[in-house]
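Next come the chains, spelled out residue by residue.
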Amino acid sequence: MKLYTYWSILPAVHCLQLDVDNPASIKQAAHDVARNMLSHYTGMNPGDNPGNLPDPYYWWEAGAMFNALIDYWYLTGDEQWNKITMQALTWQAGDTGTFMPTNQTKTEGNDDQAFWAFAAMSAAERNFPNPARGPGWLAMAQAVFNTQAARWDAATCGGGLRWQIFSFNNGWNYKNTISNGCFFHLAARLARYTGNTTYAEWATRVWDWTMDVGFVTDDWRFMDGADVLDGCSEFNRIQWTYNSGVYLLGAATMYNITADSRWRDITANILQATDAFFTGGVMFERACETVDTCQTDQRAFKGFLARWMAATMQMAPFTADWVLPRLRASAAAAARTCTGGVDGAACGLKWTEQRWDGSEDVGLQMSALEVMQATLIGSADAPLTDATGGTSQGDPEGGAGPASSRAKVLTREITRSDHAGAGILTVMLAAVVTGTTGWLVYE
């Protein structure tokens, strides 16, 4: 396999600047923030593992990062990181396209797998250059969908996906909103791209289950999940930005497909409820920022809400007047935190404080990148489909075989760093909610 070299970041001569009324300024700021983000990545170097970020970052976050880079290319036209993105995605997808590498068996949950599938789905929708061999982008997304559909667990809590794929991992008995939201979201986007109604039927099934099990509050906010051992009767009530975001774009996509007023109302209700994550028009992670408990995973969450709010404007244009002012205000505030590091482009966590906090972190860079480039969405073409010029090769049966729906079980001892990301470990849930976030979410 051909490996690609990268370059070190040189000290900048000025701090990052952003004018949200100037597309050239937005693109330059996005470039600087993305370049800093990639200073943490070494997977393109000879002897390293393409697609992996070093500790303390979990595998899912690398998938999210490469999705951000596909969007960066799509929104700015800058191709300079396309080769390492192609390399990472094809390496991690594997021969089956399922994004189930054997070295992630002890860590990979349904949500982790889905974040890589989102990158492949974005590549298909944006006509990102197609792989020279192996499964196409669409085939990868379909393969992940098929493996997850096979895991639908009707035997507990009336349905839904468990958090974890394998029963030996912490969190196996937890059904969480993000795993099911990711499945819903992926199904909706596949339905739009392919025109296959089976995906739309699955999306509707997942949404209905999410409502029936009680993960959505009366005011359209999303709780984190529940334990199957008590029949999903007791909820972890913590609320994260990305749970709202993942369902928001799924619902908007279903509205785009169907023009059904039901999906329009769902989209509008979810969107209005995200106002809880804004103060003074600026986005914040309310469950952990205000009490200084945001962990490595959670530092990236705001970026996904920004990404999916922007895409929602394309799927449901009626949302633009609500979304765009908040994205622009958040982008401007985020940029004011991006003044640190040797390059003057390291970003902080709290956009509301509009200053760098001394952090240097992939998730913080990704969040700032996502919200900045999201402000360019109005001049971008809508995501493509098979019928509107999409060129990615699909495989509706991909990932459906037994060999591709499970990873080879590794025999090494599970270590602390092996526990899956994109959520809170089941054994820690009660302590986290009570000790650091509970007072924020019981409203």
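- For the chain, an unreviewed UniProt entry supplies the name Mannan endo-1,6-alpha-mannosidase and the organism Aspergillus clavatus.
- Under the heading Sequence similarities (unreviewed entry), UniProt records this for the chain: "Belongs to the glycosyl hydrolase 76 family."
- According to the UniProt record, the Catalytic activity (unreviewed entry) comment for the chain is "Random hydrolysis of (1->6)-alpha-D-mannosidic linkages in unbranched (1->6)-mannans."

### Quick look at the overall build of the chain
Alright, step 1. Secondary structure assignment for the chain yields 13 helices and five strands.
Alright, step 2. In the chain, 72% of the contacts between residues at least 6 apart in sequence involve partners at least 24 apart.
Alright, step 3. Just so you have it, the chain exposes about 16,300 Å², and 50% of that area is on carbon and sulfur atoms.

### Points about empty space enclosed by the protein
Alright, step 1. By the definition in use, this model includes one cavity of 30 Å³ or more.
Alright, step 2. Its volume calculated, the largest cavity comes out at about 230 Å³.
Alright, step 3. What lines the largest cavity is a set of 23 residues, and nearest its centre among them are R126, R189, L249, R307 and A311.
Alright, step 4. Listed by contribution, the elements that provide at least two residues to the lining of the largest cavity are α2 (59-76), α4 (110-125), α6 (177-194), α8 (241-258), α10 (301-315) and α12 (362-374).
Alright, step 5. The dominant element in the lining of the largest cavity, judged by the number of residues it contributes, is α10, at six residues.

### As for the nonpolar core
Across soluble globular proteins, you tend to see nonpolar side chains buried next to one another.
Alright, step 1. Residues F115, F304 and M372 are the most contacted members of the largest nonpolar core, which totals 137 residues.
Alright, step 2. Those residues in contact with M372 that sit more than four places away from it in its chain are L16, L18, I26, A29, A30, V33, A331, A334, A335 and C338.

### Points about the packing of helix α5 (residues 137-149) against α6
Packed helices, taken two at a time, are described by their axes: the angle between them and the distance between them.
Alright, step 1. It is at 10 Å that the axes of α5 and α6 come closest, and there the two elements cross at 135 degrees. One finds that α5 runs oblique with respect to α6. Once α5 is placed against α6, the crossing between them reads as left-handed. Of the residues in α6, those touching α5 at L138, A141, Q142, V144, F145, Q148 and A149 are F183, L186, A187, L190, Y193 and T194.
Alright, step 2. Counted by class, the contact of α5 with α6 contains ten nonpolar, three polar and no charged residues.

What counts, and where the lines are drawn
- Residues numbered from 1 in each chain as written.
- Predicted model: local features only at pLDDT ≥ 70, side-chain atom pairs only at ≥ 80, totals over all residues.
- Heavy atoms only, no water.
- UniProt positions renumbered as here; feature names shortened; annotations may be inferred.
- Helix = DSSP H or I, 4+ residues; strand = E, 2+ residues; numbered from the N terminus.
- Contact = heavy atoms within 4.5 Å.
- Areas by Shrake-Rupley, 256 points an atom, 1.4 Å probe, with all protein chains shown as cover.
- 1 Å grid on protein atoms, 1.4 Å probe; cavity = no way out; pocket = protein on both sides within 12 Å on 5 of 7 lines; lining within 4 Å.
- Points joined across faces, edges and corners; volume = space filled by probe spheres on them.
- Core = buried A, V, L, I, M, F, W, Y, C linked by side-chain atoms within 4.5 Å.
- Buried < 20%, exposed > 50% of the residue type's maximum accessible area, 1.4 Å probe, protein only.
- Axes fitted to C-alpha atoms, helices over the stretch in contact; angles between N-to-C directions.
- Parallel < 35°, antiparallel > 145°, perpendicular 65-115°, else oblique.
- Left-handed = near helix turned anticlockwise from the far one by under 90°.
- Nonpolar A, V, L, I, M, F, W, Y, C, P; charged D, E, K, R; others polar.

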